[in-house]
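Residues per chain, in single letters:
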Amino acid sequence: MTVFTGEHEMFRQSVRNFVEKEINPHAEAWEEAGMFPAHELFPKLGALGVLGLEYDPAYGGQGADHIYTAIYGEEFGRAATGGVAMAVSVQTDMATPALHRFGSEDLKERYLTPAIKGEMVAAIAVTEPDAGSDVAGIRTRAVRDGDEWVINGTKLYITNGVQADWLCLLVRTSEEGGHRGMTQIVVPTEVEGFSVSRKLDKLGQRSSDTAELSFVDMRVPVSNTIGEIGRGFQQQMAQFQNERLIAAYMACGNMRLALDRTVAYVKERQAFGRSLADNQWIQFRLAELVAEVDLLRQYNYACADAIAAGSDPIMITKMASIAKLKSGRLQREVADWCMQFHGGIGYMEETWTARYFRDSRLLSIGGGADEVMLRIIAQLEGIGNG
Ligand SMILES: Cc1cc2nc3c(=O)[nH]c(=O)nc-3n(C[C@H](O)[C@H](O)[C@H](O)COP(=O)(O)OP(=O)(O)OC[C@H]3O[C@@H](n4cnc5c(N)ncnc54)[C@H](O)[C@@H]3O)c2cc1C
């Protein structure tokens, strides 16, 4: 059971201050622009130390325990624009964990250290037009030519894709089908043959850029391979656990804030001669959501403890899948009720509830849809292989 130390609490406060000072004042402008300036914001995050919380100090990381990641996630979840929080978590928990775990010294020096400092922006490129939930269906291919990979294919819905300096790219490197013959490669976006085909327009998370990326005879040294050739699928599955957990931590941060703000509103707003909060229905609905968020938060802390204790990877996979599934579903519910109890003003763009409603919808789709989480849980519980 997680008990926060004074140092954890000080860290929480410094991250909260950062979000309030460096992100929230720009939320409207970045939402409007459909992008935030990652190359301006990330060096500040690097200086704060959050881009490499658990990473080895040899590469500029903090060498901190996983509880710090849970705190950082909750606090970034409170940001006034979900897109920035998501983009930062791509850098910390989606594009770099495999490089830290499996990358060569040279690769880490060239790509991880600058990512931790915030000097380079990273993206994770797995999804393709014909393969999202079923990662084994990817077709982007890297063919070996001497000391180089020659890469051809397309990646879709890539967060930070417009601004990224390098990608953690999952490709096919052999004719074996299914889960075999995939490899992770660090791909610098300055190399000829790479292009951003389209910047995509989204329902929510509008301050983050999302792109379709194209690779045409792009040549990258074989030494840019992360870990083992042919083990890319397995390495990516391990990396997905970081992604799913940070998403769950962020969701708990934003759900708690959304409920606090809604409680303040219903106490203020009058109808039928009394405040909205004087209606037992509203009290009970909000109380129940508070209870559910609190349960999930405690479950998240159990996940954080399991990671910090170096528990069995299968158990972590199951816990991360449960946390991601339940937070995706609960966040949708919380966003819906917060809007409902704000009434008409809640439906207006001028009120935070509108953006929150849109931003919240992604969690049940991205990073493995709810059904993919259910599939993993069903398999690990021995219920079936759906
Ligand atoms: C805003 C945004 C940002 C993203 N960022 C990134 C990124 O940075 N990098 C990256 O690689 N990808 C990214 N993605 C892609 C995301 O991870 C995929 O969209 C997601 O995994 C779902 O894949 P898909 O869209 O191909 O849906 P599909 O695989 O076509 O599935 C469609 C739906 O079918 C259902 N479904 C799927 N499989 C099953 C099953 N076995 N049983 C029952 N139902 C099922 C689910 O409800 C699912 O939502 C992003 C997506 C979005 C929208």
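Residues numbered from 1 in each chain as written. Predicted model: local features only at pLDDT ≥ 70, side-chain atom pairs only at ≥ 80, totals over all residues. Heavy atoms only, no water.

Describe the overall build of the protein chain, listing the residues and the values that go with them.
Helices and strands together make up the secondary structure of the protein chain, namely 13 helices and 10 strands. The C-alpha atoms of the protein chain give 21 Å as radius of gyration, which agrees with the globular expectation for 386 residues (21 Å, within 12%). Principal-axis analysis of the C-alpha atoms gives the protein chain an extent of 80 × 45 × 40 Å. In the protein chain, which comprises 386 residues, the share counted as buried stands at 54%. For the protein chain, contacts bridging at least 24 residues in sequence account for 74% of all contacts bridging at least 6. (Helix = DSSP H or I, 4+ residues; strand = E, 2+ residues; numbered from the N terminus. Rg over C-alpha atoms; globule rule 2.2 N^0.38 Å. Buried < 20%, exposed > 50% of the residue type's maximum accessible area, 1.4 Å probe, protein only. Contact = heavy atoms within 4.5 Å.)

I'd like to hear about the site of the ligand, residue by residue, with values.
As a structural note, the neighbourhood of the ligand is formed by 18 residues, with I124, T127, S133, Y157 and E371 the closest of them. Within the contact set of the ligand, an oxygen atom lies 3.3 Å away from a backbone nitrogen or oxygen of G367. When the free accessible area of the ligand is taken as 970 Å², the share hidden by the protein chains comes to 64%. Elements with a contribution of two residues or more to the shell around the ligand: β1 (122–125), β3 (148–159) and α13 (370–380). Element by element, the count of residues in the shell around the ligand is highest for β3, at three residues. (Near = heavy atom within 4 Å. Polar contact = N/O pair within 3.5 Å; in protein donor to acceptor, adjacent residues only side chain to side chain. Areas by Shrake-Rupley, 256 points an atom, 1.4 Å probe, with all protein chains shown as cover.)

Before we move on, could you go through the packing of aromatic side chains and cite the residues and values that matter?
Taken as a whole, this structure holds 10 aromatic pairs when the rule is applied. Relative to Y301, the ring of F4 lies with its centre 5.2 Å away and its plane at 85°, an arrangement referred to as edge-to-face. Of this pair, F4 sits in the segment before α1 (6–23) while Y301 sits in helix α9 (residues 280–308), and the two are 297 residues apart along the sequence. A relative accessible area of 23% places F4 in the partly exposed class. (Phe/Tyr/Trp six-rings, centres within 6.5 Å; stacked < 30°, edge-to-face > 60°.)

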